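Listed below, chain by chain, are the residues.
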Amino acid sequence: MDRTNEPPPPRPLAAGIVRLVGLWLVVGAAFKLFAGTPNDLPPVVKDFGSTLSLSIGTTYRIAIAAELVLFALALVRPRLAWLPLAGVLVLFDAILVTQLGSDNCGCFGSKISMPPWLMMAIDSVLLLALLATRPWRIPRGGLPLIALPVLTLCGLVLPWMLDREARSPVPGDEGSTEAAGGLRSYEVLAIDEWVGQDLGETPLAKYMDVYSYYPDALWVLWRSTCDHCAEHLAELAQSESGERFLVLLRLHEPHDTEANRAVYLLPEGAFVQHADLPDTRDWVIQTPSELEVEGFQVIRAQEGL
């Protein structure tokens, strides 16, 4: 009997695995969309966006959109989706290798900690399952094709519709926590763009009276939960004895507690002033960071010392 014209047998397991991988991507995208910040992006992704002259906020939204679009393709046409999904899982593993040793890969935002090694193990298992089911043999077809452009458009638009980035300066905005859809907002502190500006022209002026601090000083931005901040501030406590003024600007976060506090030793003396940014929104900057200020003008900025 001639079977050459018979349709290939259905492969529900292979199609199911493809859709499962797509669902795994959309879970990570949802956490980024509703609870994460660009702080959670791996450094290699931030650097790639920077080489394309993209702001960190734009890079963040593109990353979310890409995951949502791949989910749409996996849901509607798993036969077409398996190869880009396999490529994404390989890419994820390569990125996670660069993060091994960290406490959180940022895949689910900063609110849910996921060690890179565990995320790498999950992604690798999904990749092996995907390839083992031979998804290239999935029959053509799937859900109604009209669903693909509709879901793709939704995936491309949603990160911009639910944009939680607070842009400064905003007239009358004194740091509300809410952004689009009542979600908690985040603000990018792009200190490298402040060089040459007066402190009163920077976003800091929205939240504090910058002219009440030393006009010539080294500003140090730090978080209480940051181990690198603890090391840097301890070094300053040993090396600084009043040759210059210091302004220690703490970035408060809602989850700050005594239990997760890392910073205990700070420079102290008449040459030190303390300042605070409230926890009214999430602050996107790698700490510790420094601003060198002369006559209230920023002459040098360095992020993530």
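Going by the structure above, here's the rest.
All of these numbers come straight from a predicted model, not from anything done at the bench.

A. Inspection of the overall build of the protein at higher detail. Regarding its fold elements, the protein presents seven helices and seven strands. The order of helices and strands in the protein, counted from the N terminus, is α-α-α-α-α-α-β-β-α-β-β-β-β-β. The 305 residues of the protein split such that 43% are buried. For the protein, the share of sequence-separated contacts (at least 6 apart) that also reach a separation of at least 24 residues comes to 75%. On the protein, roughly 15400 Å² of surface is accessible, and the fraction owed to carbon and sulfur atoms is 62%.

B. Up close: the packing of aromatic side chains. The full count for this structure, using the stated rule, is six aromatic pairs. Centre to centre, the rings of Trp-82 and Trp-136 are 5.4 Å apart; their planes meet at 55°, and the pair counts as tilted. Of this pair, Trp-82 sits in helix α4 (residues 78–97) while Trp-136 sits in the loop between α5 (116–132) and α6 (147–161), placing them 54 residues apart in sequence. Owing to a relative accessible area of 40%, Trp-136 belongs among the partly exposed residues under this scheme. Taking 4.0 Å as the distance between ring centres and 25° as the angle between the ring planes, the aromatic pair formed by Tyr-214 and Phe-245 counts as stacked. With Tyr-214 in the loop between β1 (186–188) and β2 (217–222) and Phe-245 in the loop between α7 (227–239) and β3 (246–251), this pair connects stretches of sequence that are 31 residues apart.

C. Representation of empty space enclosed by the protein. Applying the stated criterion across every chain yields a total of one cavity of 30 Å³ or more. Of the pockets and cavities examined, the largest cavity occupies roughly 50 Å³. Around the largest cavity, the lining residues are Lys-32, Leu-33, Tyr-60, Arg-61, Ile-64, Pro-159, Leu-162, Asp-163, Arg-164 and Tyr-186. Elements represented by at least two residues in the lining of the largest cavity include exactly α1 (12–34) and α3 (56–76). Counting residues per element, the lining of the largest cavity draws most heavily on α3, which supplies three residues. For the lining of the largest cavity, the residue count by class is six nonpolar, no polar and four charged.

D. Layout of the side chain of Asp-123. By the secondary structure assignment, Asp-123 is in helix α5. One buried charge, Asp-123, has no salt-bridge partner; the nearest side chain with opposite charge is Lys-32, at 9.6 Å. In this view, Asp-123 contacts Trp-24, Leu-89, Phe-92, Asp-93 and Leu-96; residues no more than four positions away in its chain are not counted.

E. Highlighting the pattern of salt bridges. As enumerated under the stated definition, the model contains twelve salt bridges in all. Where Glu-165 meets Arg-61, a salt bridge forms, and the shortest distance between an N and an O atom there is 3.1 Å. With a gap of 104 residues between them, Glu-165 in the loop between α6 and β1 and Arg-61 in helix α3 connect regions that are remote in the sequence. According to the relative accessible area criterion, Glu-165 is buried, its value standing at 16%. Notably, a salt bridge pairs Arg-281 with Glu-187, separated by 2.8 Å at the nearest N-O pair. In this pair, Arg-281 is assigned in the loop between β4 (272–277) and β5 (282–284) and Glu-187 in strand β1, connecting sequence segments 94 residues apart. Glu-187 matches Arg-281 in its accessibility class, with the two residues each being buried. Salt bridges sharing common partners tie together Arg-61, Asp-163 and Glu-165.

F. Structural context of the environment of Gly-49. Among the secondary structure elements, Gly-49 is positioned in helix α2 (residues 43–51). When its relative accessible area of 1% is taken as the criterion, Gly-49 is described as buried. Taking C-alpha positions, Gly-49 is 9.6 Å from Ile-62, a pair spaced 13 residues apart along the chain.

G. Broad picture of the packing of α1 against α4. Axis separation between α1 and α4 bottoms out at 10 Å; the angle between their running directions is 50°. As judged from the angle between their axes, α1 and α4 are oblique. In the crossing of α1 with α4, the sense of the turn from one axis to the other is left-handed. Across from Ala-15, Val-18, Arg-19, Val-21, Gly-22 and Leu-25 in α1, the residues of α4 making contact are Pro-78, Ala-81, Trp-82, Leu-85, Val-88, Leu-89 and Phe-92.

H. Representation of a negative patch on the surface. There is a patch of like negative charges on the surface, built from Asp-103, Asp-227, Glu-231 and Glu-235. Locating Asp-227 in the fold gives a position in helix α7.

Analysis parameters
- Residues numbered from 1 in each chain as written.
- Predicted model: local features only at pLDDT ≥ 70, side-chain atom pairs only at ≥ 80, totals over all residues.
- Heavy atoms only, no water.
- Helix = DSSP H or I, 4+ residues; strand = E, 2+ residues; numbered from the N terminus.
- Buried < 20%, exposed > 50% of the residue type's maximum accessible area, 1.4 Å probe, protein only.
- Contact = heavy atoms within 4.5 Å.
- Areas by Shrake-Rupley, 256 points an atom, 1.4 Å probe, with all protein chains shown as cover.
- Phe/Tyr/Trp six-rings, centres within 6.5 Å; stacked < 30°, edge-to-face > 60°.
- 1 Å grid on protein atoms, 1.4 Å probe; cavity = no way out; pocket = protein on both sides within 12 Å on 5 of 7 lines; lining within 4 Å.
- Points joined across faces, edges and corners; volume = space filled by probe spheres on them.
- Nonpolar A, V, L, I, M, F, W, Y, C, P; charged D, E, K, R; others polar.
- Lys, Arg positive; Asp, Glu negative; His and termini not counted.
- Salt bridge = Lys/Arg side-chain N within 4 Å of Asp/Glu carboxyl O.
- Axes fitted to C-alpha atoms, helices over the stretch in contact; angles between N-to-C directions.
- Parallel < 35°, antiparallel > 145°, perpendicular 65-115°, else oblique.
- Left-handed = near helix turned anticlockwise from the far one by under 90°.
- Patch = residues over 30% accessible without salt bridge, like charges linked within 9 Å, V, L, I, M, F, W, Y side chains within 5 Å.
- Charge placed at Lys NZ, Arg CZ, Asp CG, Glu CD.

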